[in-house]
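Listed here are the chains, written in short residue letters.
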Amino acid sequence: MFTITARRATAACAVLLLAALTGCAKETPAAQPGDSTGPVTVKATDSECSLSRSDVKSGTNTFSVANGGSKVTEFYVYADGDRVMGEVENIGPGLKRDLIVELPTGKYQAVCKPGMVGDGIRGDLTVTGAAAAQVDEDTALKQAVDSYSRYVNSQAIALEQKTTDFVAAVKAGDVAKAKALYPVSRSYWERIEPVAESFGDLDPKIDARVNDVEPGTEWTGYHRIEQALWEKNTTAGMAKYADQLLTDVKTVVAKAKVVKLTPLQLANGAKELLDEVATGKVTGEEDRYSHTDLWDFQANLEGSQAAIQALRPALQKRDAALVTTLDTDFKAVFAALDKYRTADGFKPYTASEAEKKQLGTVVDALAEPVSKVAGVIAKK
Amino acid sequence: MTSESSKGISRRGLFGAAGAAVATGVAGYVVHSAVSGEESQAADNTGPVEFHGPHQAGIVTPAQDRLHFATFDVTATKREAVIALLKEWTAAAALMTAGRDIGQYGAVNGPGEAPPEDTGEAVGLPPARLTITIGFGPSFFVDAQGNDRFGIKAKRPAALVDLPHFIGDDLDPNRSGGDIAVQACSDDPQVAVHAIRNLARIGFGTVAVRYSQLGFGRTSSTSRAQSTPRNLFGFKDGTANLKLEDTDKLEQQLWVQPEDGPDWMVGGSYLVSRRIRMTIEIWDRTSLGEQEQIIGRGKGTGAPLGKADEFDAVDFNAKTSDGSLKVPADSHVRLAHPQFNKGAELLRRGYNFVDGSDGLGRLDAGLFFLAYQRDPRKQFVPIQQQLARADKLNEYIRHVGSGIFACPGGVTPGSYWGEKLFT
């Protein structure tokens with residue numbers, strides 16, 4: 001059994017385990033590379049992420065994830081730089097879900113994210129077998145689009161589920177639960193916002209702030225309910241907005257699942273997400289009643305990173321130095337955000353001007369190289 | 001109508017020339033004024049713009065390079081105090097636009113025991129085409145409770161509407177509104193600042209400055225003799241603006257006509273001011289192609305997309321090989337064009353501004369938009385409603401300040417700004 005018990009600090013531990021040393025988790029024998037075929041079973045709890053083996057053959061692999069913890073979790077397989085190879089979202093306590101993913105030869109990370117936030121509990125995953133065929137640039141770009149489409153799809157599914165939960169809490173009059181679910185459901189929206197925004201007038205219906213609304217038009221969507229929850233501490237009168245929100249989200253989700261993207265749209269989407277961070281989140285204008293801006297901030301960043309990482313193999317060939325810069329700068333922003341973390345998410349965003357400036361500065365530092373990606377991708 | 005002097009006249013040299021006319025124009029309010037010594041370098045384009053005429057100067061006057069705009073709240077409660085102030089302001093404006101000090105003794109010729117009448121920072125500077133233009137806001141007529149403040153409620157023009165909330169408006173009350181607006185434009189920033197500073201000083205006790213805005217780099221052309229400048233997004237701005245040479249069009253679109261009423265506004269125009277913050281840093285990370293798609297013009301030439309020359313007519317039906325519109329449906333040029341606004345046009349004379357940086361280290365910069373028109377209900381309001389709904393540019397700008405003002409017709413010698421409003 002290959003066990004990872006805590007975030008980050010255990011990476012060394014996992015490596016030791018792979019080397020068949022026993023210092024970290026004596027009770028579990030080290031995985032035997034390639035000793036089995038069939039699904040890799042993943043035991044996820046609130047504090048561990050155990051894989052039945054950490055070495056698999058290249059090709060199609062199935063990970064069967066069972067959540068034995070008390071928090072909703074996610075499971076990811078990341079390539080270099082947290083490029084998403086595959087993921088299952090939103091696995092409730094006691095539930096089991098499969099991830100089927102095509103993995104070429106190489107080094108990966110298997111990650112559980114209890115509570116669906118943060119870096120998660122990570123361990124190495126090695127894929128051996130026939131060497132991966134060299135892919136030409138066109139193929140690399142096509143794979144980037146496929147990879148990001150899978151990401152959008154998984155986010156869209158979770159968006160619908162979490163919004164359904166949020167709406168149910170609002171309609172049940174459960175203010176506390178609705179408040180807890182508000183930033184969670186928005187995270188999925190914020191990760192794929194450029195895709196959602198491309199469906200024209202759905203975006204204002206779902207995500208308009210009060211000043212975005214023209215007189216004579218009704219204000220609907222997340223922020224309408226946010227105002228009631230935090231300013232008036234009630235869900236009274238919100239049922240119709242909740243229903244409308246779910247209807248609109250379902251429409252977006254249906255469209256997002258089938259949307260055809262281009263590599264350039266990925267690059268631009270990554271940039272737009274950072275623009276969102278720079279203009280709306282750093283300033284605290286987005287969630288002005290709940291002050292949950294940092295959840296959105298994190299989600300925008302993750303969405304941006306997912307798009308960039310999907311392009312990573314193509315970028316690596318064309319401008320390796322840019323990839324290094326992007327890795328460094330993404331890390332810096334995530335690190336800056338980490339200061340505001342709590343066990344389940346983020347502190348209310350009531351940062352001082354100096355703190356806002358600090359966040360703004362790292363975002364600007366990242367946004368500049370991200371804005372160069374489109375040009376690199378467009379080059380023939 | 002305004003006129004430009006063909007050759008420059010220095011503050012010193014002016015005494016004999018335009019000085020006489022000025023003295024006549026303001027007779028009764030200021031007997032005469034001194035001209036402070038010190039030679040100035042008079043060059044072309046530094047001369048005075050005629051203050052008197054059927055229209056106020058500073059509207060179709062070829063846009064100067066600098067702006068100091070201020071709005072004032074009237075603190076006095078007596079009608080007489082307001083009238084007295086307007087008389088004093090008119091006299092001072094006539095002198096300053098002629099390149100002269102204000103008051104009897106000016107900046108340096110008065111008694112040593114008293115503060116100088118003129119603040120003095122324009123001494124030695126040429127008139128630099130200074131124009132001073134006045135307008136009255138809705139709150140000048142009625143206060144927030146609807147009270148008739150100065151007995152002029154009935155004279156509030158129907159066209160002087162309270163602007164509606166536009167989608168995305170994020171207005172700062174401290175940069176919006178005002179009972180009276182004064183626009184000072186000049187080719188020399190110090191001359192423009194001098195004008196507002198002296199008017200504010202005269203106004204203490206009667207009015208208080210509500211907010212003021214400095215601008216540089218005119219962002220439009222109001223004459224065909226001018227080249228088209230660039231805004232802070234790096235695009236040519238004002239290519240298709242109304243120009244002073246379009247005299248027939250100005251009667252249709254700019255000047256209030258006798259049938260429009262009220263009488264005191266005939267020959268005048270309505271001014272809408274908007275402080276438009278640009279998210280410069282975000283724009284600068286946007287690809288050239290997207291910038292051009294957003295604006296609808298080439299960045300280098302200023303030509304409409306699909307055309308070669310800046311002044312070529314926009315072809316809104318042109319398609320690219322993949323069947324999409326060359327000038328996109330959500331581009332600024334298309335949405336602002338008269339063809340999509342029932343023929344409505346504006347005379348813009350906005351300015352770039354950079355007020356340093358904000359707390360996040362980003363430029364507090366943008367466009368101080370100023371637009372004159374015959375009727376905001378048919379011009380600015382519907383145009384802005386359309387832009388607010390659909391303009392792709394909205395992702396990069398934010399409207400943070402707003403004002404609307406009724407600018408009366410021109411002043412005749414011996415009269416004062418807004419005299420017909422009080423008689």
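Residues numbered from 1 in each chain as written. Chains lettered and ligands numbered in written order. Predicted model: local features only at pLDDT ≥ 70, side-chain atom pairs only at ≥ 80, totals over all residues. Heavy atoms only, no water.

Under the annotation held in an unreviewed UniProt entry, chain B carries the name Deferrochelatase and is attributed to Kribbella voronezhensis. According to its UniProt record, chain B has this under Subcellular location (unreviewed entry): "Cell envelope". (UniProt positions renumbered as here; feature names shortened; annotations may be inferred.)

In the annotation of an unreviewed UniProt entry, the entry for chain A reads Iron uptake system component EfeO, and the organism field reads Kribbella voronezhensis. For chain A, the Sequence similarities (unreviewed entry) comment in UniProt is given as "Belongs to the EfeM/EfeO family." Recorded in UniProt under Subcellular location (unreviewed entry), the annotation for chain A is "Periplasm".

A. Structural view of the overall build of chain B. Scanning chain B from N- to C-terminus turns up 9 helices and 9 strands. When the 423 residues of chain B are sorted by exposure, 57% land in the buried category. The contacts in chain B between residues at least 6 apart in sequence include a share of 77% that link residues at least 24 apart. Surface exposure of chain B reaches about 16,400 Å², of which carbon and sulfur atoms provide 52%. (Helix = DSSP H or I, 4+ residues; strand = E, 2+ residues; numbered from the N terminus. Buried < 20%, exposed > 50% of the residue type's maximum accessible area, 1.4 Å probe, protein only. Contact = heavy atoms within 4.5 Å. Areas by Shrake-Rupley, 256 points an atom, 1.4 Å probe, with all protein chains shown as cover.)

B. Helix H6 (residues 222-231) of chain A, seen in detail. Residue and element names in this part refer to chain A. Burial runs high along H6: 8 of the 10 residues are buried. Buried residues of H6: Tyr222, His223, Arg224, Ile225, Glu226, Gln227, Ala228 and Leu229, and no others. Where H6 is buried, its residues contact helix H2 (137-171), helix H3 (175-191), helix H5 (202-207) and helix H7 (239-258). Directly beyond the C-terminal end of H6, a positive phi value near 55° is found at Asn233.

C. Just the interface of chain B and chain A, in detail. On the side of chain A, 20 residues touch chain B, which itself brings 18 residues to the contact. Considering only the side of chain B, the residues that lose the most area to chain A are Arg285(B), Leu360(B) and Arg362(B), jointly responsible for 41% of the buried surface there. Applying the counting criterion to the chain B and chain A interface returns 5 salt bridges. Arg285(B) is paired through a salt bridge with Asp364(A); the nearest N and O atoms lie 2.7 Å apart. (Buried area = accessible area lost by both parts, 1.4 Å probe. Salt bridge = Lys/Arg side-chain N within 4 Å of Asp/Glu carboxyl O.)

D. Expanded view of the pattern of salt bridges. Residue and element names in this part refer to chain B. This model, assessed by the stated rule, comprises 49 salt bridges over all chains. With a closest N to O distance of 3.7 Å, Asp170 and Arg398 form a salt bridge. With Asp170 in the loop between helix H3 (138-141) and strand S3 (180-186) and Arg398 in strand S9 (residues 397-407), the pair connects residues that are 228 residues apart, well separated along the chain. Using a relative accessible area of 30% as the deciding quantity, one classes Asp170 as partly exposed.

E. The arrangement of the UniProt feature "domain: Dyp-type peroxidase C-terminal" (unreviewed entry) in chain B in detail. When the UniProt feature table is mapped to this numbering, "domain: Dyp-type peroxidase C-terminal" (unreviewed entry) covers residues 228-411 of chain B. For residues 228-411 of chain B, helix accounts for 20% and strand for 22%, while the C-alpha atoms at its two ends are 30 Å apart.

F. Structural view of the side chain of Gln64(B). Residue and element names in this part refer to chain B. By the element assignment, Gln64 lies in the loop between helix H1 (18-25) and strand S1 (66-74). You can call Gln64 buried: its relative accessible area is 0%. At a separation of 3.0 Å, a polar atom in the side chain of Gln64 contacts the side chain of Thr131. With residues near it in sequence (within four places) discarded, Gln64 still touches Arg129, Leu130, Thr131, Cys185, Ser186, Asp187, Arg218, Arg349 and Tyr351. (Polar contact = N/O pair within 3.5 Å; in protein donor to acceptor, adjacent residues only side chain to side chain.)

G. Expanded view of the sheet that holds strand S1 (residues 40-44) of chain A. All names here are of chain A. An order of S2-S1-S4-S7 is seen for the 4 strands of this open sheet, with the pairing classed as mixed. With partners counted over all chains shown, the strands left at the sheet margins are strand S2 (49-51) and strand S7 (96-103), one partner each. Going from strand to strand, the sheet's axes swing by 25° on average, the running direction of each strand aside. Here strand S4 (residues 59-67) runs beside S7; their pairing, made up of 8 bridges, is antiparallel. Bridge pairing links Ser64 to Asp98 in S7. (Pairing = 2+ DSSP bridges. Axes fitted to C-alpha atoms, helices over the stretch in contact; angles between N-to-C directions.)

H. Quick peek at the sheet that holds strand S9 (residues 121-128) of chain A. Residues and elements named next belong to chain A. The 5 strands are arranged S3-S9-S8-S5-S6 in an open sheet whose pairing can be described as mixed. The sheet is open, and its two borders are formed by strand S3 (55-57) and strand S6 (83-91), each paired with just one other strand. If you compare each strand with its neighbour and ignore which way they point, the axes differ by 20° on average. Across 6 bridges, the pairing between strand S5 (residues 73-79) and S6 is antiparallel. Within S6, the residue paired with Val77 across the bridge is Gly86. Contacts from H2 reach S5 and S6 within the one sheet, and its direction differs from that of S6 by about 15°.

I. Here's a closer look at the packing of aromatic side chains. Taken as a whole and assessed by the stated rule, the structure comprises 25 aromatic pairs over all chains. An aromatic cluster of three or more residues is present, and its members are Phe136(B), Phe140(B), Phe141(B), Phe150(B), Trp264(B) and Phe422(B). It is Arg186(A) that lies over the ring of Tyr222(A); its NZ or CZ is 5.2 Å from the centre. When the ring centre of Tyr188(A) is taken as reference, the NZ or CZ atom of Arg191(A) above it lies at 5.1 Å. (Phe/Tyr/Trp six-rings, centres within 6.5 Å; stacked < 30°, edge-to-face > 60°. Lys NZ or Arg CZ within 6 Å of the ring centre and 35° of its normal.)

J. Representation of the packing of H2(A) against H6(A) in the model. Residue and element names in this part refer to chain A. Contact pair H2 / H6: the axes reach a minimum separation of 13 Å and the direction vectors enclose 35°. Classified by chirality, the crossing of H6 by H2 is left-handed. Residues Leu159, Thr163, Phe166 and Val170 of H2 pack against Tyr222, Ile225 and Leu229 of H6. When grouped by side-chain class, the residues that make up the contact of H2 with H6 number 6 nonpolar, 1 polar and no charged. (Left-handed = near helix turned anticlockwise from the far one by under 90°. Nonpolar A, V, L, I, M, F, W, Y, C, P; charged D, E, K, R; others polar.)

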